[in-house]
Amino acid sequence: MTRRVAILGAGPAGLAAAEAALSAGADVVVLDEGERIGGQYWRHHEQLTDRRMQHQHARFARLGRVAEAATVHREASVWRVDTAHGIRVHALVGPADGSDREALTIDADALVIATGAHDRALPVPGWTLPGVITAGAAQALAKRDGAIVGERTVVAGSGPFLLPVADSIALAGGSVAEVVEAAGVAAIARGWGRAPWQLAGVAGKAGELAQYAGGLLRRRTPFRFGQAVTRIHGQGHVEAVTVQHVDAQWRPVAGTERTVTCDSVALGHGFTPRLEAAIQAGCDLSPERFVVVDDRQATSVASVFAAGEVTGIGGADTALAEGAVAGFAAAGGSLDDRRISGAVRARKRMHAFATRLATHAIGPGWTGWLDEDTIICRCESVTRARLSEYAAASSRAMRLATRAGLGACQGRTCGRTVETLIAADVDFDRRPVLSSIRIGELARLHHAEHKEQE
Amino acid sequence: MSVRIRFDGEEIAGRDGQTIAGVLLGAGRRSWRLAGGAERGVFCGIGVCQDCVVTVNGIENVRACQRTALEGDVVEREAR
Amino acid sequence: MRTVVIGAGAVGAACALALTEAGAEVIVLDRAGVAAETSSRCEGNILVSDKGPGPEADLAILANRTWRELAKRLDDEPAPGRPATEFEAKGGVVVAFGAGAGALEEFAATQRAIGIRAVPVSAAELRELEPHLSDAVDAGVHYPDDAQVQPSLATQAMLAHALRLGAEFRIAEVIGARHAHGRITGVDTSDGVVEADAVVNCAGPWAGAVAELLGGRLDIRPRRGVILVTTPMRQRVFHKVYDADYVGAVGSADAALQTSTVVESTPAGTVLIGSSRERVGFSAEDMLPPLAEIAAKATRLFPFLADTMLLRSYFGFRPYTPDHLPAIGEDGDVAGLFHAAGHEGAGIGLAPTTGELIAHAVLGSPAPLDPTPFLPTRAGLRSAA
């Protein structure tokens, strides 16, 4: 009997998994919340996306063809994954946050979790002002909507992702005042070799990054190393930022402050994996809080595989390689099979790239730029001072008393930051409801079940 | 091709296929929600943070960055 | 009198507070933390509306008064790191559809006879109390004395107050007991021995297991309850609003899934929708049927809820006794061992008066009411679980 493989996410990892699972003869079902496949990396719109932002388009076009052989559910919000009695995925299909979407239940023999990651933005005084967005938002709006948030943007944070973000803003018609990278020149030289952004053996990645760096040079955009945006100024909207040197621990260095005029800020301090589906499925996590996988990308739960950013932040090429391995293994294929050897080799190469991203890891000194009244939890407007009041309480008591992480985003935005500030794990990623579902939609499930029984 | 929505009683035109957030930003709006008395708009842009939610055709809590604008959509601010 | 309280849920915190105020030296032990389990996985009900005449109603009526004074006392002394209880005497409205109206009114009449304020309201008056209620609701009873606290915060506040008066709190798991001459003389914990003249078992749904560990006997079982939380919204629900069949589900001994609607707003703007009762052990599996059934019944009561967004759900285990009465008092076999557990879904509401009954049992301070019906030595509680 044909194995059915369900895949959560249609980004690079999910699509590569679908392609590989199909090649191994599986019946493949892909679910993604987007209107189009491609995930955040290929967040393209036929009419609205500037062609120059469509990186690796040939690869995408090839993977896109899997959509014809697999069953692809677009606009599918997976809100629950059960693995207790076989694999069962519950989703709602229809417009984002609609109130009358169609319920979909998928039973499968194997599951590939390729839910990706989202930006992590550290709090900065003033970061709730309109005009402050995440680096990923700048990228997504430019790609998906051809839109910009301001005329003059400071891009700040850490990691090579800042480069394509700055590039996209410029291509969408904005201007980038500066790119501010917290890692210092010395650290980057150590981490990446003498020629930053270039890596032997990862030609595609190096070429892509070199292209962005070239764009910055051409537009004469200043690139600052070892600096950070430590304050955002404005009355009702962004008017300027303070840029400041930070030491190797990301502690702001007094006396180095300067003001940069801008009307928008894009913040990106790395990525947070989207773990809730994997956690609900019962997958073990590493101490660094990624899904633990073996050589076959198999998780600790039987027949559940994971690939891409949920297993470690590595970028699109890593995700493609891991996805292919996961999909192939989920379909019952063996890693000795010649059809998957290319992906196994690519995965090894790309993991070398991923390791280098540690150069940009968040330094503990960043908390030095917070004020007591800086909002940490954006949903519930919880300040740092309020969190400090409950420093001695249990994490659960703290959460209920301050409401940090209890708001609409359920700690997706502030969770890791809150844990840093209270120096304790809060387990924000354990979410009983994986994505939005309305009470009426839930009620209809009961009525449907009830009817079946009659 | 263009799409027209109503926001705050005003008609706003965007490009066909844009999200509600894209249409609002294109019209120069940067915030459309009140949180603890302060203006908020788009933040994460990929449906994670819930900062950009609006009421669309009477249904609350719709993420403006995720919902594609449809001709005639009536979009209202939310506050809490 | 050195007293160990096992469990830092609402009942443990209330016992610690009452014992400390009555002069005992109190050490509270919990394996996880303050309000780590049942007391932060419930609604925080302080109800009289669901109690028919009997000992539990007597306890609830007293506890309702006690909570008003206690919440005021706790909330009047704000301190950093000590939350307010969010005590709210919002009142309850129990409603019935169609033929249920008659049974509801008969039940309310028996409650009025024992002094519970239970005011019949017409369909028109119901709309005034709850404008968004379904048109299909025919009749209701208003219980002005039903109230609510935020249960985790209230527990934190009670314990913080006890600590300020000299009690001690340690995170440690109880793994055994010390006995001498038929008396308990201390407990073994993951963090060493704690000697005690008296030990109070407030371990909620785990109280049966703890009793056994300490040489006693108590038949307490877990009963799972699920609650849905919506995203914050403008207030459209103004009381605790119940479907009349809630009363039946609480009193039921059936192990199978039972749900009945309880809908209310919280100060944070969310709406809590409960609740289910299932005896499935300490299982976290098969959560979907109760979630969907609760949602279906809630939209029947408040149609507007259909379009509201589910933010999260949570579930907890309530300590269930076969005769639906809490066990409060000294163990039948082990002198110096006391139990305060088995309140099922009423533990928050009954906590302060339970604390007073325990202070009476341990220290001989005045009893707030006749303790006899609640004694753990009663028949029906000592059969093996």
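Cut-offs applied
Residues numbered from 1 in each chain as written. Chains lettered and ligands numbered in written order. Predicted model: local features only at pLDDT ≥ 70, side-chain atom pairs only at ≥ 80, totals over all residues. Heavy atoms only, no water. Contact = heavy atoms within 4.5 Å. Buried area = accessible area lost by both parts, 1.4 Å probe. Salt bridge = Lys/Arg side-chain N within 4 Å of Asp/Glu carboxyl O. Helix = DSSP H or I, 4+ residues; strand = E, 2+ residues; numbered from the N terminus. Buried < 20%, exposed > 50% of the residue type's maximum accessible area, 1.4 Å probe, protein only. Lys, Arg positive; Asp, Glu negative; His and termini not counted. Pairing = 2+ DSSP bridges. pLDDT = per-residue confidence, 0-100. Polar contact = N/O pair within 3.5 Å; in protein donor to acceptor, adjacent residues only side chain to side chain.

On the side of chain A, 46 residues touch chain B, which itself brings 31 residues to the contact. Between chain B and chain A, the buried area comes to about 3,100 Å², and carbon and sulfur atoms account for 48% of it. Of all residues in chain B, B:Arg30, B:Phe43 and B:Ile46 give up the largest surface area on contact with chain A, accounting jointly for 26% of the area buried on that side. For the pair chain B and chain A, the number of links is 2 salt bridges. Among the ionic pairs, B:Arg63 bridges to A:Asp97, the shortest N-O distance being 2.8 Å.

All names here are of chain A. Mapped onto the fold, Asp119 is located in strand β8 (residues 117–119). Within the buried set, Asp119 has no salt-bridge partner at all; the shortest N-O distance to an opposite charge, 9.1 Å, is to Arg274. Here Asp119 is in contact with Thr134, Ala135, Gly136, Phe161, Gly268, Gly270 and Phe271, once residues within four sequence places are set aside.

Attention now goes to the pairing of strand β6 (residues 59–63) of chain B. Strand residues, when the strand is regular, have side chains that alternate between the two faces of the sheet. Residue and element names in this part refer to chain B. In terms of burial, β6 is largely enclosed, as 4 of its 5 residues are buried. When strand β5 (residues 53–56) meets β6, the two strands line up antiparallel, connected through 3 bridges. Bridge pairing links Val53 to Arg63 in β6. Hairpin connection from β5 to β6: 2 residues lie between these consecutive antiparallel strands, with Asn57 at a positive phi of about 50°.

This part is about the confidence of the model for chain B. Where the model shows low pLDDT, its predicted coordinates should not be examined in detail. For chain B, per-residue confidence averages 95 on the pLDDT scale, and 99% of positions sit at 70 or higher. Mean pLDDT across the elements of chain B ranges from a minimum in strand β8 (residues 78–79) of chain B, with 90, to a maximum in strand β7 (residues 74–76) of chain B, with 98.

All names here are of chain C. When you line up the elements, Glu88 lands in the loop between α2 (55–75) and β4 (92–96). Of the residues examined, Glu88 reaches a relative accessible area of 29% and is grouped as partly exposed. Along the primary structure Glu88 and Ala268 are separated by 180 residues, whereas in three dimensions their C-alpha atoms are 13 Å apart.

Next up on the list: the environment of B:Arg29. Residue and element names in this part refer to chain B. Secondary-structure assignment places Arg29 in the loop between α1 (20–26) and β3 (33–35). Each C-alpha atom of the pair Arg29 and Gly41 lies 8.5 Å from the other, and the pair is 12 residues apart in sequence. Separated by 2.9 Å, the side chains of Arg29 and Glu10 make a polar contact.

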